[in-house]
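Results of the structural survey
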Amino acid sequence: MLSNYIDLEKGILENYTENVIRRASDMLNFYQDNEALEKMIKNGNPTIYEVYAVTHEGGGELSYAITILHPGKVGNEYFMTKGHYHEKRDRGELYIGLKGNGLLLMQKGEEIRWIEMERGKIVYVPPYFAHRSINTGNGNFVFLAIYPGDAGHDYGSIAEKGFAKIVIEENGNYAVKDNPRWK
Ligand SMILES: O=P(O)(O)OC[C@H]1O[C@H](O)[C@H](O)[C@@H](O)[C@@H]1O
Ligand SMILES: [Fe+2]
């Protein structure tokens, strides 16, 4: 498919080839406060985020995805994506903010960075960096990501240890803190 449309107001991608809905129950152990997560699962198991992608899996090809990250918190930790490394570690990615406010957390070994995202902002995720998005706003945080078709998703080490930093709400603002479970 050579062309497509996205509804920029709602963040809805037409003609997607793959989609994933991640609910609270798909995020077990990703947040600090497991009790708060369990409670949330019992009280309706809300959607944390939705991904709509057009994929082209060959080397040299490009895939793209819209992520709609809903607003909310588990305990004091903002809703976030699982986060991943690329299976092929030397593949980068481009993120373009479409709606709402968030952070893009990137980590390579001990090196960790976070960049604020908003509509119109472009962020480059260089090769070798794991990446996770966090919704620090009150509405949906929507972004477009473009990545090599053969990049692949590696969730393993992030699912086990998380990132070195967590993003929590503190006095009405976001704060980036050391992850007590790191290492
Ligand atoms: O895959 P997650 O870490 O849950 O992140 C959600 C999604 O974010 C971006 O849209 C990436 O381009 C997708 O490849 C990824 O699936
Ligand atoms: Fe990625």
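The name an unreviewed UniProt entry assigns to the protein is glucose-6-phosphate isomerase, from the organism Aciduliprofundum boonei. Under the UniProt heading Sequence similarities (unreviewed entry), the entry covering the protein gives this text: "Belongs to the archaeal-type GPI family." In its Pathway (unreviewed entry) section, the UniProt entry covering the protein states "Carbohydrate degradation; glycolysis; D-glyceraldehyde 3-phosphate and glycerone phosphate from D-glucose: step 2/4."

Remarks on the overall build of the protein
For the protein, the count of helices and strands is two helices and 17 strands. By the compact-globule yardstick of 16 Å for 183 residues, the protein fits well, its C-alpha radius of gyration being 16 Å. Taken across its 183 residues, the protein has 33% of its residues classed as buried. Taking the contacts inside the protein whose residues are at least 6 apart along the sequence as the reference set, 68% of them involve residues at least 24 apart.

A look at the confidence of the model for the protein
Looking at the protein as a whole, the pLDDT averages 96, with 100% of positions reaching at least 70. At the level of chain-chain contacts, confidence expressed as ipTM amounts to 0.96, with global pTM at 0.97.

Thoughts on the UniProt feature "domain: Glucose-6-phosphate isomerase prokaryote" (unreviewed entry) in the protein
Those residues carrying the UniProt feature "domain: Glucose-6-phosphate isomerase prokaryote" (unreviewed entry) are residues 22–177 in this numbering. In residues 22–177, the share of helix is 10% and the share of strand is 49%. The end C-alpha atoms are 24 Å apart.

Side note on the environment of Phe30
Here Phe30 lies in the loop between strand 3 (18–23) and helix 1 (34–42). Note on Phe30: 21 C-beta atoms within 10 Å, which makes it buried. Taking the C-alpha atoms as reference points, Phe30 and Ala53, 23 residues apart in sequence, are found 23 Å from one another.

Overview of the sheet that holds strand 9 (residues 93–99)
Across the sheet, six strands lie side by side as 3-4-5-14-9-12; this open sheet has antiparallel pairing. For this open sheet the edge positions go to strand 3 and strand 12 (122–125), each flanked by a neighbour on one side alone. When the angles between neighbouring strand axes are averaged without regard to direction, this sheet yields 20 degrees. Bridging between strand 9 and strand 14 (residues 141–148) involves five bridges; their strand directions are antiparallel. Residue Ile96 lies in a different strand from strand 14, and its bridge partner there is Leu144.

Some thoughts on the site of ligand 1
Taken together, the residues surrounding ligand 1 are Val51, Ala65, Thr67, Thr81, Lys82, Gly83, His84, Ala145, Tyr147 and His153. Secondary structure elements with two or more residues in the shell around ligand 1: strand 5 (62–69) and strand 14. The residue makeup of the shell around ligand 1, split by class, is four nonpolar, five polar and one charged.

Criteria and thresholds
As a convention, each chain's residues are numbered from 1 in the sequence order in which they are written. Chain labels run from A onward and ligand labels from 1 onward, assigned in the order the entries are written. Only residues with pLDDT of at least 70 are given local features in this predicted model, and only at 80 or more are side-chain atom pairs given and counted; all residues enter the totals for whole chains, interfaces and linings. UniProt positions are given in the numbering used here, feature names are shortened, and annotations may be inferred rather than shown by experiment. Helix and strand labels come from DSSP, where a helix needs a run of H or I of at least four residues and a strand needs a run of E of at least two; each type is numbered from the N terminus. Using C-alpha atoms as the atom set, the radius of gyration is obtained and then compared with a globule rule of 2.2 Å times the number of residues to the power 0.38. Here a residue counts as buried when 20 or more other C-beta atoms fall within 10 Å of its C-beta, as exposed when 12 or fewer do, and as partly exposed in between; the C-beta atoms come from the backbone. C-beta atoms are placed from the backbone for every residue, and two residues are taken to be in contact when these atoms lie within 7 Å. One number per residue, pLDDT, summarises how confident the predictor is, and it ranges from 0 to 100. The criterion for strand pairing is that DSSP finds at least two bridges linking the strands in question. Axis angles are defined between N-to-C directions and span 0 to 180 degrees, where every axis is a line fitted to C-alpha atoms and, for a helix, only to the segment in contact. Using a C-beta atom placed from the backbone, a residue is described as near a molecule or strand when that atom lies within 6 Å of it. Classification convention: Asp, Glu, Lys, Arg as charged; Ala, Val, Leu, Ile, Met, Phe, Trp, Tyr, Cys, Pro as nonpolar; all other residues, Gly among them, as polar.

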